[in-house]
Amino acid sequence: MNAVLHPRPCRVDAIDRQIIMAVQAGLPLVEQPWDAVAEQLGLDPDEVLERVAAMQAHGIIRRIGAVPNHYALGYRANGMSVWNVPDAMVAELGKRVGELEFVSHCYERPRHLPLWPYNLFAMVHGHNRDEVEAGVKEIASMLHGACRGHEVLYSTRILKKTGLRLQG
Amino acid sequence: MDNIDRVLVNELQDGLPVCRRPFDAISTRLGISVTEVTDRIGKLLDDRVLSRFGPMFNAERLGGALTLCAMQVPEADFERVTEQVNAFPEVAHNYAREHDLNMWFVLATERPERIAGVIAEIETSTGCRVYDMPKRDEFYIGLKLPV
């Protein structure tokens, strides 16, 4: 309990880092984007692809795709629901909450007493607050007697969204 | 956004294959040219329907670290503090939320020991206390928004 989980780091070499830095702001929007990256870096396209495939196999790259702006997609309500549940039950309860389809992220995090008594975080998405509230109610009934308090924090603005950036 | 854009956004959330022509399969499924696929992705980015397109890196697998931080920022200082916090390249995203803790941001660093340093620098530059809430356990991640 309370140990921070650190997945085993994988080795990336200097060439992997060059590739990461070339695409971390975005993949070139051309027919053969990895060829464009290879040309920019003076590498062989097959080598770039092999390295990218290896990084994906090792989980360094989660996936190659898009991050939607959920506001623009009509998911205007995004409630970070936070719950105070007994530490001994958080793993079991977190797993069940995380399985709900409207929950996008579900984590155990430390409390900061007395200001912050919550140890279970579940992000609930909906087209409007009513949808989010319905989801929160469902979580509340699932947690039932185990929950000693909860709040929902609505986001009002995205202030920054860039993702991970390596620095040169 | 038309119907083709909607299908495209859903497909792009699933991810592209790692290959020399990663847009070909999507182009065939949508019945549009690869150039139209890339043009549409560019437009969705320009219109901020998509906030990013490309590989999603896992900071922890790169040997780095992630944490969620919260601050209680006085309303009058909110814009100034936003600028100061966002100026740190380690701040991956930042949200305003309705709560006494009204600013929530994620730090991503290449080296785990850098987290404490960034937090101290943010506290010094903003004058606000940072509440560090690193994850202890992860039960599910899979943001998918059907449109």
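Keep in mind it's a predicted model, so treat the numbers as computed, not measured.

Chemist: When you look at the overall build of chain B in this model, what are you seeing that I'm missing?
Modeler: Across its full length, chain B carries five helices and six strands. Scanning chain B from its N terminus toward the C terminus, one meets helices and strands in the order α-α-α-β-β-α-β-β-α-β-β. Relative to the 2.2 N^0.38 estimate, which gives 15 Å for 147 residues, the radius of gyration of chain B is 19 Å and therefore markedly larger than a compact globule would have. Its C-alpha atoms give chain B principal-axis dimensions of roughly 55 × 35 × 25 Å. The long-range share in chain B, meaning contacts at least 24 apart out of those at least 6 apart in sequence, stands at 58%.

Chemist: What's the story with the domain arrangement of chain B in this structure? I'm lost.
Modeler: In many analyses, interface size is given as the accessible surface area lost on bringing the parts together. The domain architecture assigned to chain B consists of domain 1 (3-46) and domain 2 (65-133). Taking the mean C-alpha position of each, domain 1 of chain B and domain 2 of chain B sit 35 Å from one another.

Chemist: I would appreciate a short explanation of helix α5 (residues 129-143) of chain A in the present structure.
Modeler: Residue pairs three or four apart in sequence face the same way in an α-helix, which turns once every 3.6 residues. All names here are of chain A. Taking 1.5 Å of rise per residue, the 15 residues of α5 would be expected to cover 21 Å, and the 21 Å separating its terminal C-alpha atoms lies within 8% of that figure. Taken residue by residue, α5 has V132, G135, V136, I139 and L143 as its buried positions. Summarising the axial view, the buried residues of α5 lie within an arc of 100 degrees, below the 170-degree limit, and thus occupy one face. In α5, those exposed residues whose orientation departs by more than 90 degrees from the buried face are D130, A134, K137 and S141.

Chemist: Would you take a moment to explain the interface of chain A and chain B for this structure?
Modeler: Facing 75 residues of chain A, the contacting portion of chain B comprises 62 residues. Of all the elements in the fold, those that place two or more residues in the side of chain A that touches chain B are α1 (14-23), α2 (33-41), α3 (45-57), β1 (61-68), α4 (90-98), β3 (103-108) and β5 (150-161) of chain A. The leading source of residues in the side of chain A that touches chain B is β5(A), at nine residues. Note that β5(A) and strand β3 (residues 91-97) of chain B share five bridges and pair antiparallel. Each bridged residue has a counterpart across the sheet, and for A:S155 the counterpart in β3(B) is B:R97.

Chemist: Would you mind going over the confidence of the model for chain B with me for this structure?
Modeler: The predicted coordinates of low-pLDDT regions are not to be read in fine detail. Mean pLDDT over chain B works out to 92, with 95% of the residues at or above the 70 mark. Overall fold confidence for the complex sits at a pTM of 0.72, while the interface term, ipTM, reaches 0.71.

Chemist: Can you help me understand α1(A) in this one?
Modeler: Considered for burial, the residues of α1(A) that qualify are A:Q18, A:I19, A:I20 and A:V23. For α1(A), the secondary structure elements touched by its buried residues are α2 and α3 of chain A together with β1 (50-57) of chain B.

What counts and what doesn't
- Throughout this description, residue numbers start from 1 for each chain and increase along the sequence as written.
- To label them, take the chains in the order written and letter them from A, then take the ligands in the order written and number them from 1.
- Given that this is a predicted model, residues contribute local features only at a pLDDT of at least 70 and side-chain atom pairs are listed and counted only at 80 or more, while totals for whole chains, interfaces and linings are drawn from all residues.
- A run of DSSP states H or I qualifies as a helix once it reaches four residues; a run of E qualifies as a strand once it reaches two. Both are numbered from the N-terminal end.
- What the globule rule says is 2.2 Å times the number of residues to the power 0.38, and the radius of gyration is computed from C-alpha atoms.
- Contacts are defined on C-beta atoms placed from the backbone: any two residues whose C-beta positions lie within 7 Å are in contact.
- Note that domain bounds follow an automatic or database assignment of domains.
- In this analysis, the expected span of each helix is defined as 1.5 Å times one less than the number of residues it contains.
- Three exposure classes are used. Buried residues have 20 or more other C-beta atoms within 10 Å of their own C-beta, exposed residues have 12 or fewer, and partly exposed residues fall in between, all C-beta atoms being placed from the backbone.
- By arc we mean the arc of the directions from the helix axis to the C-beta atoms, nothing more.
- At least two bridges found by DSSP between two strands are what make those strands a pair.
- One confidence number per residue, pLDDT, is output by the predictor and ranges from 0 to 100.

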